[in-house]
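As a plain string of letters, each chain reads:
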Amino acid sequence: MKRPVSSLSLGSSLKGKLVRAGFQFTTDLQDLNPEHLSAEAGVSQQEALEALQAASSGHGVAPVTALELLQKEEEFRSIVTFCSQLDEALGGGVPVGKVTEICGAPGVGKTQLCLQLAVDVQVPAVFGGLGGQVLFVDTEGGFQVQRLVDLAGAAVRHCSLLAEDEEQRVAMTTFTVETILSNVFLVRCRDYVELLAELHLLADFLSNRPRLRLLVIDSVAFPFLRLHDDLSQRTRLLQGLGLRLIAAATSHNIAVVTTNHMTTRLHGSQAQLAPALGDVWGHAPSIRLLLRWEESRRLASIVKSPGHMDASVQYQITYQGFRDADQSERPPSKRPRSQTDQSASSRKNTGT
Amino acid sequence: MNWDQLQLKPRIISAIQRAHLKSVREVLVLSEPDLQKMTGLSGPDVQELLHAAATACRTHQPITALQLQRGECRRLESGLRLGTGCPVLDQLLRGGLPVGGVTELAGESGAGKTQLGLQLCLSVQYPVEHGGLSAGALYVCTEDPFPIRRLQQLISEQTSLRSDVPPSLIGRLRFSDNIYVEHAADLDSLQVCLSRRAALLLAQGRVRLVVVDSVAALFRCEFRPDDWLERNKQLLTVSSMVHHLSHEFTAPVLCINQVTDVFHQSESSSSSPSSSVSPALGLAWANQVTVRLMMRRLQATVSRGDQSSALRRLEVVFAPHLARGGRDLAVWREGLRGVLDPVLAPFGPDVAQQEMVLPLRLNR
């Protein structure tokens, strides 16, 4: 397959010089050394080196088979939500390597689910968790440590009740409220420019922290809805942001969770609630969860996902966190989390 | 913008200057191909430029929640709360209003919203160990004139409200000198007040609480129903101002809001339609609020000695750190106080006894 030189990510003047010197396709640049190229095309050595690097990196993307993808996906487990019905609907939880968006009206529990995931991603591997770290980007000011401490304490108690063998008891010594808090990195972004800056620096941050498995942005809507003067600019930036998040999720194997507001959309004369930020942004997340009230019940629905059926489950938010709606009838100790995990993963295995 | 401050190669800096880019923010909102086109730089150079710009734009490194909890970061004191001056309400609010974020208090007229606003203007002046923030308050009125007589009454009765604070300390605080009152009769003057006066007072440290009483009044009278797009824009502008103030100066902001009736096309038409009110200004405003509280006036009255008051209820509608719930309260001469089970124990003048059964304040 021939790739034209003009499609490489190089400065336009450099590309022009190369093309004028007769280097039409990347194959023309093969087997050349920088000195040779700089003499041939009349560019500096530095530029020649850049061009050669860009041309050779184009070949670097090796095709991946579907089987390899599947194995990779199974290697990285999902983050459980501690609401077993939602986990079941999502096939084990919030997937690593994908972008998941949580939409909902104010007060329905978006931030609560984000905080819950920030704790759950740290559940040690012997309990079926990921033992990971989390970067929490707070744009709304909704991150309250007090609440994180509640959830962390409940998760620690829950796991300590489940600890049966020696290995699990050893893991419990490092799974405390204090370590949970020390594995949550918080950034506050006051506007969309700071949010974009933070994402530019994400790769650096991740390279120092290989255990980071979750990026939360709570919320994307808040800074971008301010940008109401220039809608084309907003659309462009959101599109770039979406691509950047997908790239971060797949290349670093992290789960990306964003939240979004609801807004009123008019269909003829009928007003309906719809996720904010428009249709272009709607393509960014691979999974979209909609949290909503129905009378006094809270419902979570999967409204967009390539791999799941549309489903609605009931949940509740207790002092302990994001939980199954009927949990009050069953004490948490009677509901071993690791078993539901195993059944979820075994179901996945038999299904394939 | 002085580009030399960035750690960049000289040729990148000269290319930026040739392209007339003025700030790092301007660089960050451009896409990579656009930057390449504008500056004539190569891909890796543009990457380097973006990285440097992002580093310059980021004022603070990510910090862990543990550092935050231990108070190692003065900028984001998320555990700090502004107490209300009443242990019952502080228990409901887990200590009081969060210092970073916008708290909304909605309710019908006469529910007691302004009373709570005034009480917070006083409690903010106490030192931190007594639930305050050792600073004054800015009170922005948009509907009624500032209730100065009521404020004077509250100040003179502080010793009886705050029996937990030594009277000598209360005597030393000069309450009325530290409350700045502004009247904003239209949206423009509200924006000027928030962006100039409020920012100045907060920056000087004279003030660490902003009360806007109320946000709804201006928006409800200045816009017709078909102007909703313009109204939403203005709402976002005002809300981003108050958010900015709150986070920049780690100061709580209380926005008082009116309520609007909600008519349901309900299947059960027998249920009384009168009870359903919701905060005004709709979803666009609700999305901007961190904590939403509602105050309702109940039918019952409570009396204590020669005073009597209609029973009220303060409810948490949503908040990232609070459970839904509510407490009954009454408005006395000295201010708002929670009422514990008014039916079983209509408490008399013996306030000390009542405070024995109150749970201790959280987090202090």
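One numbering rule holds for all chains: residues counted from 1, following each sequence as written. Here chains are named by letter from A upward and ligands by number from 1 upward, in the order in which they appear as written. Local features are withheld for residues below a pLDDT of 70 in this predicted model, meaning they are given only at 70 or higher, and side-chain atom pairs are given and counted only at 80 or more; totals for whole chains, interfaces and linings count all residues. In computing side-chain values, all of the structure's heavy atoms are included and hydrogens and water are not.

Caption draft 1: Seen up close, helix H7 (residues 145-162) of chain A. The secondary structure listing takes helices from DSSP runs of H or I that are at least 4 residues long and strands from runs of E that are at least 2 residues long, numbered from the N terminus. The span one expects for a helix is its residue count, reduced by one, times 1.5 Å. Taking 1.5 Å per residue as the helical rise, H7 of chain A with its 18 residues ought to reach 26 Å, and the 26 Å between its terminal C-alpha atoms agrees with that figure. For every residue, the accessible area (1.4 Å probe, protein chains only) is compared with the maximum for its type, and the residue is labelled buried under 20%, exposed over 50%, or partly exposed between those bounds. Extensive coverage of H7 of chain A is indicated by the burial of 14 of its 18 residues.

Caption draft 2: Region of interest: the domain arrangement of chain B. The split of the chain into domains comes from an automatic or database domain assignment. Examined at the domain level, chain B breaks down into domain 1 (3-57) and domain 2 (80-262 + 272-295). Once you take the C-alpha centre of each, domain 1 of chain B and domain 2 of chain B turn out to be 43 Å apart.

Caption draft 3: Quick peek at the packing of aromatic side chains. Only Phe, Tyr and Trp rings are paired, with Trp represented by its six-membered ring, and only when their centres lie within 6.5 Å; those with planes under 30 degrees apart are stacked, over 60 edge-to-face, the remainder tilted. Under the definition given, this model contains 6 aromatic pairs over all chains. Plain terms: the ring middles of Tyr 192 of chain A and Phe 224 of chain A are 5.6 Å apart, the flat faces sit at 40 degrees to each other, and that makes the pair tilted. Taken together, the positions of Tyr 192 of chain A in helix H10 (residues 192-200) and Phe 224 of chain A in helix H12 (residues 221-225) put the pair 32 residues apart, joining distant regions of the chain. According to the relative accessible area criterion, Phe 224 of chain A is buried, its value standing at 0%. Taking the centre distance of 4.5 Å and the plane angle of 20 degrees together, the rings of Tyr 315 of chain A and Phe 322 of chain A count as stacked. Residue classification places Phe 322 of chain A among the buried residues on the basis of a relative accessible area of 0%. The side chain of Arg 226 of chain A reaches across the aromatic face of Phe 222 of chain A, ending 4.4 Å from its centre. Charge-over-ring placement is defined geometrically: NZ (Lys) or CZ (Arg) within 6 Å of the ring centre, and within 35 degrees of the ring normal. One cation-aromatic arrangement involves Arg 304 of chain B over Trp 332 of chain B; the distance from NZ or CZ to the ring centre is 4.6 Å.

Caption draft 4: Representation of the domain arrangement of chain A in the model. Per the domain assignment, the segments making up chain A are domain 1 (5-56) and domain 2 (66-324). Each of domain 1 of chain A and domain 2 of chain A has a C-alpha centre, and these two points are 43 Å apart.

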